[in-house]
Amino acid sequence: MADLTKLYDVLVIGGGNAALCAAISARREGAEVLVLERAEKFYRGGNTRHTRNMRCAHDAATDTLTGPYPEDELFEDLLRVTEGETDEELARHMIHDSKEMLTWIQEQGVRFQPPLGGTLGLGRTNSFFLGGGRAMLNALYDTAETLGVDICYESEVTALDIRDGHFDSATVRQADGEKTVRAKAVVAASGGFESNIDWLKEYWGEAAENFLIRGTANNQGTVLRMLLDAGVQPIGDPTQCHAVAIDARAPKYDGGIITRLDCVVFGIVVNKNAERFYDEGEDIWPKRYAIWGRLVAQQPDQIAYIVFDHSVLTSFMPSLFPPIQDDTIAGLARKLRIPADTLEKTVSDFNAGVVDGTFDHTILDDCHTEGVEPAKTHWARRLETPPYYAYPVRPGITFTYLGTRVNKEARIIMADGTPASNMFAAGEVMSGNVLGKGYAAGIGMTIGSVFGRIAGREAAHNARN
Amino acid sequence: MQGTEQATEFDPLAAPSKAGQTNTPHATETLTETDRLMTVCNSCRYCEGLCAVFPAMEMRRAFSDGDLNYLANLCHSCGACYDDCQFSPPHPFDVNVPRVMAEARAESYRHYAWPSAFSGLFARNGLAVSVIAALSVFVFIAGFVGWHDPAVLFGVHTGPGAFYALMPHNTMVVIFGAVFLYAILALIMGVRAFWRDITDPADSAADAGSVWQAVKDAGHLRYLDGGGAGCTNGEETATDTRRMYHHFTFYGFLLCFAATSVATLYHYLLGREAPYPWYDLPVLLGIAGGVGLLIGPAGLLAAKWRRDPVIQDEARFGMEVAFLAMLFLTSLTGLALLVLRDTGAMGLLLALHLGVVFSLFFTMPYGKFVHGIYRFVALVRYAKESRAAGH
């Protein structure tokens, strides 16, 4: 049982993958550990709930990985997706440690599954959790509790007492009031601020009101804000977030994986004026998966519609709601409440511009348009088989890039460049160090597990000395 | 949308329904809900490594009633997908696969029951099985008494043919042969209807390889282990013991069946009449099986009691308890008969045992027993279609 009056060795703020790896690792180093998770038990784990895999380097195939994925290749992939926005030393350190992570995380009870149908062709590079992210969390929580880590749910940290880079105590709000918790070291593993609409508005203005958040409402970034206010050095572009286009009819929060729509490449995308605005066939799905959130965010009212015809209805993964349908383009436009004559013109112009080729959605094929602005450079086929369908889409925010600067020990760096004496960070709250831009499937979990494990170990050592 | 008035009220940005709801019409509300869940799950697929249900689901895009009955019977109710699901209650998507599959399964037993006039026996199955068992025992006791002097019932009979002092062997064979054949016929008719519903008519032959795969999968209870992590009780850790107790029950049942078969061969081939000495094969098989049928059902019942009601179909609890109780009583009365067969209690115990066994056979097509048959058939279907898909 947690005893908030005692002096803990390590306080972990947060309850996701990074937090639990930190708690377990600190406990295995002999520390007395307290985990404060803001969410109620069911929603514990932040974005980890919605994850499915992690990307770790390995030199040979395993039971659950189809081939080797050397450190250099992982680093190259990271360089490509971030376009160089990564701290090479930290990134290489993480990638090196990621090799051990494959065994370490399984020793903590997490299970992997062999590559199956839904694993998106990532069978060589990514390890998929049996049962997904919540199964992983269940295993980590179970292990942490068995080891004697104290865990409190519905415990939001509302203040941090930090002086000159030294953490002394945290104020935690629980059902029966506010309390002060003291610890010799702290690990911030409290995620980003993607669920904090007011904060997003600082960069996006009123448009942020129309954003949907793919994870729980608990990712408010309050701990990140407090750390930055206490003189911690920020990292990552505060204005940036990872956004994909998701079904606009999804709930505001926690719609998760089933809200995503894989059909952009099979049709056209129009805005509320029924006009196309970007090349739907630019690159292979899901490589360009992430650009559409931003594109839609830049359209009026942050709304767009993926329009396609009956011939491709079953060419992509199903999602939480059926598409809106009608026998005519004009009828579909009326249901969507967008200008019918404009949509008819947009579709007929597009159809007229299609140059026939050999359709193959797995490669950059030769089906394209000519004389249409913007062009659809691949997979362009006429919309001509009724009924016609549309999915309304909005930006779905997955995570934010702003974080706290850390060093190889996962130790927080203060604004003046000095390492904090007893503060560490792991997971999304510091992912900007490694992932300054873009995304590669499973990399967030690698950051969380590797830096969580390091942060917990270093915090325990710190507390002992 | 019908008519322009509704069309103008249509809000393209409002959630049209609960997550996963499709427009496919289904025979029952349970099947509609099963379709909704499978549509949600097919959009997620995180659970595909847990069991056969999700890979089978992934081979489909839309779900007919037959598809859903197939998936429901493929589900072994291990519970892992409930604890692993980010959308299970209290999440508003309300994804509770183990419970809804259990409800759909129970409905399917009733739907495929033969003759359909008897399908009502599934409605209040606990009561129905209890009444049939009580009646059956009563008829055997009354029969023994009516046939003979009551003194015969309470008399001491020993040695080969002792049982037949109470009931002639041929009578016993006729009664039990008839009820056994009837049960087999009813089960075959149910399976026939089920198989027709879940397979493509153009490709409905079951090949030997698929049947053998299903035998192995059923024999190991391959899918009653949460994909290797064990079954759960709705508390996120694998503490469930049903797989072990199911093995006691199933193999106990098979051993008892073997005991009866060997005894039948003794009787007709060797001319040796029951009862047999304790060290003889039918008795040894019967003792081993009987012990399994005491431990297994008792353990299963206790495990079911501990299980979180949220992932169970509580309305079918009576059916489950009735079947477990019948197996337990079959064994208990059989073992009691073995221990006390040389005393004056033998007659009554024989009536009791035969009454219980008779009602067990009679209610086989109309109770929980059918779960094994339909699940086996579903496993054959799965083996066949996953081989065809190259898995």
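Remember, predicted model here, so these are calculated numbers, not experimental data.

**Here we look at the overall build of chain B**
Scanning chain B from N- to C-terminus turns up 15 helices and zero strands. Counting only C-alpha atoms and orienting by the principal axes, one finds that chain B spans roughly 85 × 40 × 40 Å. The proportion of buried residues among the 391 residues of chain B is 45%. Here the contacts in chain B between residues at least 6 apart in sequence split such that 73% fall between residues at least 24 apart.

**Things to note about the packing of helix 9 (residues 169-198) of chain B against helix 15 (residues 370-388) of chain B**
Residue and element names in this part refer to chain B. Contact geometry for helix 9 and helix 15: axes closest at 11 Å, N-to-C directions at 35 degrees. Crossing hand, helix 9 versus helix 15: right-handed. Contacts between helix 9 and helix 15 involve Leu-187, Gly-190, Val-191, Phe-194, Trp-195 and Ile-198 on the former and, on the latter, Val-370, Ile-373, Tyr-374, Val-377 and Arg-381. Classifying every residue of the contact of helix 9 with helix 15 by side-chain character gives nine nonpolar, one polar and one charged.

**Observations concerning the confidence of the model for chain B**
Residue and element names in this part refer to chain B. Within chain B, residue pLDDT values average 91, and 96% of them lie at 70 or more. Looking at the elements of chain B, mean pLDDT is at its lowest for helix 1 (residues 3-9), recorded as 52, and at its highest for helix 4 (residues 65-74), recorded as 98. Two numbers describe this predicted complex: its pTM, 0.94, and its ipTM, 0.95.

**Re the sheet that holds strand 4 (residues 112-113) of chain A**
Residues and elements named next belong to chain A. The strand order across the open sheet formed by three strands is 3-5-4, and the pairing between neighbours is antiparallel. Of all strands in the sheet, those with a lone pairing partner are strand 3 (53-55) and strand 4, marking the two edges. Across two bridges, the pairing between strand 4 and strand 5 (residues 126-129) is antiparallel. Paired with Phe-112 across the strands is Phe-129, a residue of strand 5.

**Let's talk about the interface of chain A and chain B**
Counting from both sides, the interface comprises 36 residues of chain A and, opposite them, 39 residues of chain B. At five residues, the largest contribution of residues to the side of chain A that touches chain B is made by helix 4 (residues 133-147) of chain A. Tallied by class, residues from the side of chain A that touches chain B come to 16 nonpolar, 11 polar and nine charged.

**Focus: the pairing of strand 1 (residues 7-13) of chain A**
The side chains of a regular strand alternate, residue by residue, between the two faces of the sheet. Residues and elements named next belong to chain A. Where burial is concerned, most of strand 1 is hidden: six out of the seven residues are buried. Of the pairings in the sheet, the one linking strand 1 to strand 9 (residues 177-188) comprises six bridges and is parallel in character. Among the inter-strand pairings, Val-10 is bridged to a residue of strand 9, identified as Ala-185. Note that strand 1 and strand 2 (residues 33-36) share four bridges and pair parallel. Of the residues in strand 2, the one forming a bridge with Ile-13 is Leu-36. Crossover strand 1 to strand 2 through helix 1 (residues 17-28) is right-handed.

Parameters at a glance
Residues numbered from 1 in each chain as written. Chains lettered and ligands numbered in written order. Predicted model: local features only at pLDDT ≥ 70, side-chain atom pairs only at ≥ 80, totals over all residues. Helix = DSSP H or I, 4+ residues; strand = E, 2+ residues; numbered from the N terminus. Buried ≥ 20, exposed ≤ 12 C-beta atoms within 10 Å, placed from the backbone. Contact = placed C-beta atoms within 7 Å. Axes fitted to C-alpha atoms, helices over the stretch in contact; angles between N-to-C directions. Left-handed = near helix turned anticlockwise from the far one by under 90°. Nonpolar A, V, L, I, M, F, W, Y, C, P; charged D, E, K, R; others polar. pLDDT = per-residue confidence, 0-100. Pairing = 2+ DSSP bridges. Right-handed = clockwise from strand over helix to strand, strands pointing away.

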